[in-house]
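# Tertiary structure, described
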Amino acid sequence: MRGSVSITADGLTIRLLIFLILLLAIATALPGCKKETEQARKYMRQGNRAFGAALAMGSELRNTKDGPIVSLASGDTGIISQVASRLKEIKLEVLRYRRMVGIAERYYKDISELSGVGEYIEYQIIILKAVENEKEIASLWSSLLRKSSDALERIARGEQVDWGSQAKEAQAALEKIERLASESAEIEKEALRLRKEKDL
């Protein structure tokens, strides 16, 4: 009987030790998990601020769509000097817009470097779809500006410009920009719903 009691006591001691070790492991891990979560939240918020600024810039750019690019594509050569000046300004705006989209993307992607932040990864996956749209919009703007600048240079050299083709390409690009921007807005709403649902 004594041997039996001893074995039982030893078994209880071992189980107690295992339990205490597990508790210690959990207690040690919790501060790390909390730190990772706080960092993920920080990256998300920094990304959101940058992306919000980028979207505002994109909206301002779209407000210029009926300005110099369309005017130039219409073949109205009477305003060439005004168009040339405004195109330079828009190029700088597009550069700032592209840079801000890139900053937002870097912050969002930094979340992937963390562990135990699945809900933030879920948010990241959604919002990066909108980021990709904005990157494509920036590329479309750059292409539009390049073609418009080329047209101005040809005019300066006294060459003929195919205004019909120019107008068609410009209109197609501007319509795609509008569509992508609309998609981005819907994706952002989806990301916001997730953020509220998960209290991120």
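Report follows, based on the coordinates. Just so you know, these numbers come straight off a predicted model, no measurement behind them.

Scanning the entire structure with this criterion turns up 10 salt bridges. Across the pair Arg157 and Glu159 runs a salt bridge whose closest N-O atoms are separated by 2.9 Å. Of the residues examined, Arg157 reaches a relative accessible area of 52% and is grouped as exposed. Among the ionic contacts, a cluster of salt bridges with common partners joins Glu105, Lys109, Glu132 and Lys135.

What follows concerns the side chain of Ser184. Inspection of the secondary structure puts Ser184 in helix H5 (residues 163-198). Within the local environment of Ser184, its side chain forms a polar contact with the side chain of Glu134, the two groups lying 2.8 Å apart. With residues up to four places along the chain from it excluded, the contact list for Ser184 reads Ala130, Asn133 and Glu134.

Across soluble globular proteins, nonpolar side chains have a tendency to be buried as a group. Judged by nonpolar contacts, the single largest core of 43 residues is most densely connected at Phe51, Tyr108, Tyr123 and Trp141. Counting only elements with at least two residues in this core, the list comes to helix H1 (2-62), helix H3 (80-110), helix H4 (118-156) and H5. No other element matches the 14 residues that H4 contributes to this core. Not counting chain neighbours up to four residues away, the residues in contact with Tyr123 comprise Met44, Asn48, Tyr108, Ala191, Leu194, Arg195 and Leu200.

What counts, and at which threshold
- Residues numbered from 1 in each chain as written.
- Predicted model: local features only at pLDDT ≥ 70, side-chain atom pairs only at ≥ 80, totals over all residues.
- Heavy atoms only, no water.
- Salt bridge = Lys/Arg side-chain N within 4 Å of Asp/Glu carboxyl O.
- Buried < 20%, exposed > 50% of the residue type's maximum accessible area, 1.4 Å probe, protein only.
- Helix = DSSP H or I, 4+ residues; strand = E, 2+ residues; numbered from the N terminus.
- Polar contact = N/O pair within 3.5 Å; in protein donor to acceptor, adjacent residues only side chain to side chain.
- Contact = heavy atoms within 4.5 Å.
- Core = buried A, V, L, I, M, F, W, Y, C linked by side-chain atoms within 4.5 Å.

That is the geometry; function is a separate question.
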